[in-house]
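One letter stands for each residue in the lines below.
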Amino acid sequence: MHEKEQYLYVGIDIHKEIHVAVILNCWNDKLGEITFDNKPTAFPKFVQKIKEYCKEGITRVFGLEDVGGNGRALAVFLTEAKEMTKEVNPAYSSSERKNNPMTQKNDSWDAQCIAKVLLGKLKTLPNAKPDDFYWITVITPAQHEKQSKY
């Protein structure tokens, strides 16, 4: 069995209220598409649906462009569940989208492009590491007064 045959590739297009996932096999065949709510209560059901596409001995790998903003909760869920989760640089999926003769821009196609990046770059993509660091800016009273005038 070729190494790429050992995985099921799940690209996820992240949004504020919903996410769209596309499932590919190693031959770039689209096996399915799942739309689910961006709510932690919906994530276990989503993963269960993905498991239905997995044959025995196949590892699921999830790709997300956004692991810090709208995709943070899903990235945390997947990593805590010990699912292989990769962070996909948006430049890669954008390039994938532009490499096709008929360019499209919709959630399903975006998710499929993310899955294609997983398939092609699995070894080099970083693991998703959603962090909980929050940055604050200290504003002096004089700066605050200056900003409030605008």
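Residues numbered from 1 in each chain as written. Predicted model: local features only at pLDDT ≥ 70, side-chain atom pairs only at ≥ 80, totals over all residues. Heavy atoms only, no water.

*Asks:* Tell me about the pattern of salt bridges, and name the residues and values.
*Replies:* Inspection of the entire model under this criterion finds four salt bridges. With its nearest N and O atoms 2.5 Å apart, the salt bridge here joins Lys 123 to Glu 3. One end of the pair, Lys 123, is in the loop between helix 4 (107–121) and helix 5 (141–148); the other, Glu 3, is in the segment before strand 1 (7–14), and 120 residues separate them in sequence. Of the residues examined, Lys 123 reaches a relative accessible area of 65% and is grouped as exposed. The class of Glu 3 is partly exposed, set by a relative accessible area of 36%. In this structure, Arg 97 engages Asp 110 in a salt bridge whose closest nitrogen and oxygen atoms are separated by 2.8 Å. In this pair, Arg 97 is assigned in helix 3 (residues 90–98) and Asp 110 in helix 4, connecting sequence segments 13 residues apart. Of the residues examined, Arg 97 reaches a relative accessible area of 15% and is grouped as buried. Given a relative accessible area of 6%, Asp 110 falls into the buried group. (Salt bridge = Lys/Arg side-chain N within 4 Å of Asp/Glu carboxyl O. Helix = DSSP H or I, 4+ residues; strand = E, 2+ residues; numbered from the N terminus. Buried < 20%, exposed > 50% of the residue type's maximum accessible area, 1.4 Å probe, protein only.)

*Asks:* Summarise helix 4; cite the residues concerned and give the values.
*Replies:* Helix length check: helix 4 (15 residues) gives 21 Å between terminal C-alpha atoms against 21 Å at 1.5 Å per residue, within 8%. Here helix 4 lies mainly inside the structure; 12 of its 15 residues are buried. In this structure, the buried residues of helix 4 make contact with strand 1, strand 2 (18–24), strand 3 (30–37), strand 4 (59–64), strand 5 (84–87) and helix 3. N-capping of helix 4 is provided by Asn 106, with a side-chain oxygen placed 3.2 Å from the backbone N of Ser 108. (Expected span 1.5 Å × (residues − 1). Contact = heavy atoms within 4.5 Å. Polar contact = N/O pair within 3.5 Å; in protein donor to acceptor, adjacent residues only side chain to side chain.)

*Asks:* Give me the lowdown on the side chain of Arg 60, citing residues and values where you can.
*Replies:* Considering the arrangement of structural elements, one finds Arg 60 in strand 4. A residue is classified by how much of its surface remains accessible, and Arg 60, at 18% relative accessible area, is buried. Side chain to side chain, Arg 60 and Glu 83 meet in a polar contact 3.0 Å long. If we skip the residues at most four places from it in the chain, Arg 60 touches Leu 8, Ile 50, Lys 51, Cys 54, Glu 83 and Met 84.

*Asks:* With reference to specific residues and values, describe the nonpolar core.
*Replies:* Residues Ile 12, Phe 46 and Leu 64 are the most contacted members of the largest nonpolar core, which totals 21 residues. Among the elements of the structure, strand 1, strand 2, strand 3, helix 1 (43–51), strand 4 and helix 2 (72–80) are those that each provide at least two residues to this core. Apart from residues lying up to four places away in sequence, Ile 12 is in contact with His 19, Val 20, Ala 21, Phe 36, Phe 46, Phe 62, Gly 63, Leu 64, Glu 65, Leu 74, Ala 111 and Ile 114. Val 20, Cys 26, Val 61 and Ala 115 belong to the second-largest nonpolar core, a separate cluster that totals 16 residues. (Core = buried A, V, L, I, M, F, W, Y, C linked by side-chain atoms within 4.5 Å.)

*Asks:* Could you give an account of the sheet that holds strand 1, with specific residues and numbers?
*Replies:* As summarised here, the arrangement of the five strands in space is 3-2-1-4-5, forming an open sheet in which the pairing is mixed. Sheet topology places strand 3 and strand 5 at the edges, where each strand pairs with a single neighbour. Across the sheet, the axes of successive neighbouring strands diverge by a mean angle of 20°, strand direction being ignored. Note: strand 2 against strand 3, seven bridges, orientation antiparallel. Paired with His 19 across the bridge in strand 3 is Phe 36. Across the sheet, helix 1 touches strand 1, strand 2, strand 3 and strand 4, and the angle it forms with strand 3 is around 170°. Together, strand 1, strand 2, strand 3, strand 4 and strand 5 form the strand contacts of helix 4, whose direction differs from that of strand 1 by roughly 140°. (Pairing = 2+ DSSP bridges. Axes fitted to C-alpha atoms, helices over the stretch in contact; angles between N-to-C directions.)

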